[in-house]
Amino acid sequence: TIAGFDGPVWSVAFSRDGKSVITASTEYRDSKIQTSVKNLDEKIIGELKWWNTETGEFIKRVSVAKEGVRSLEATWSPAGDVLALVERRSEGRLTDISVPGAFGQRTTIARFVSFEETELKLLDAQTGERRIKLEDAGTTYGGYGGHIFTRLERPVFSSDGTKVAVLAGEDVKIWDIRTGKKIRTVKKLNGWPTALAFSEHADTVAVASVKGKMPGGESEITLWELATGKSVNKLKGKNDLIASLQFGAKDRVLLIGSLQYE
């Protein structure tokens with residue numbers, strides 16, 4: 001049992017050699033490793049920490065997210081050298097805005113504006129330094145009060161480690177990690193995307209989506225050819241919420257993990 005955090009742990013992965021476990025967490029202080037939460041008023045940062053799998057001892061840490069980070073989601077590449085990190089930040093700012101006033105004139109008042117930023121980064125898994133900046137891999141929204149929702153989640157690498165994909169709102173975005181260029185945006189899905197998987201040769205991506213509330217909703221899995229962006233097959237279901245996908249048997253089968261509502 002590893003107890004060296006001062007905030008929530010968002011993801012865990014083994015190092016490639018299996019000798020250490022790597023955690024992604026948000027921390028309420030950056031002065032030292034804490035064993036209990038004492039003061040939540042200090043700044044929040046995001047950290048990767050390495051721990052010895054045999055002893056649980058702390059090895060090292062790397063700061064990977066800016067102050068004010070709300071949550072992290074980390075996925076390691078197949079080779080273990082690249083880290084795909086979704087960083088979510090939120091803050092409130094007192095901002096001057098112009099509003100209609102008396103006699104048709106406009107006046108300036110201070111209003112509380114909420115901002116939420118979400119970004120997918122590719123980092124060196126050993127140093128935490130950014131490998132390359134991904135094209136169109138961030139979202140920023142601002143609004144007056146209420147709830148603001150931005151979505152980038154569940155980053156997935158292709159088996160050859162050359163591509164990374166992420167659920168982005170109602171779409172799926174795919175990048176070439178060698179250039180940082182966006183290869184494809186999969187749109188016009190039948191509902192809200194819930195899972196994705198690359199084929200073994202990274203030429204096809206499977207996307208699961210759900211439409212409507214369960215029970216009574218419909219699910220659909222579509223297979224998309226990356227070179228053309230065309231849908232090449234569809235699998236439909238009823239009352240099953242799909243949480244995970246995985247190609248197998250040299251891409252001849254697709255394994256589906258779902259919650260079935262009977």
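Up top is the structure these notes are about.
Residues numbered from 1 in each chain as written. Predicted model: local features only at pLDDT ≥ 70, side-chain atom pairs only at ≥ 80, totals over all residues. Heavy atoms only, no water.

Peer 1: Help me understand the overall build of the protein in this model?
Peer 2: For the protein, the count of helices and strands is zero helices and 19 strands. Looking at the protein as a whole, 44% of its 262 residues qualify as buried. Expressed as a percentage of contacts within the protein between residues at least 6 apart in sequence, the contacts between residues at least 24 apart total 42%. Element-wise, carbon and sulfur atoms account for 50% of the exposed surface of the protein, whose accessible area totals about 14,300 Å². (Helix = DSSP H or I, 4+ residues; strand = E, 2+ residues; numbered from the N terminus. Buried < 20%, exposed > 50% of the residue type's maximum accessible area, 1.4 Å probe, protein only. Contact = heavy atoms within 4.5 Å. Areas by Shrake-Rupley, 256 points an atom, 1.4 Å probe, with all protein chains shown as cover.)

Peer 1: Please clarify how the sheet that holds strand β4 (residues 58-65) should be interpreted in this entry.
Peer 2: By definition, the strands of a sheet pair up through backbone hydrogen bonds, in either a parallel or an antiparallel sense. Strand order in the open sheet formed by four strands is β1-β2-β3-β4, and the pairing between neighbours is antiparallel. Only two strands of the sheet have a single partner each, and these edge strands are β1 (9-14) and β4. In this sheet, adjacent strand axes meet at a mean angle of 20° when their direction is disregarded. Bridge count between strand β3 (residues 45-52) and β4: six bridges; the pairing is antiparallel. When the bridges of β4 are listed, L48 appears paired with V62. (Pairing = 2+ DSSP bridges. Axes fitted to C-alpha atoms, helices over the stretch in contact; angles between N-to-C directions.)

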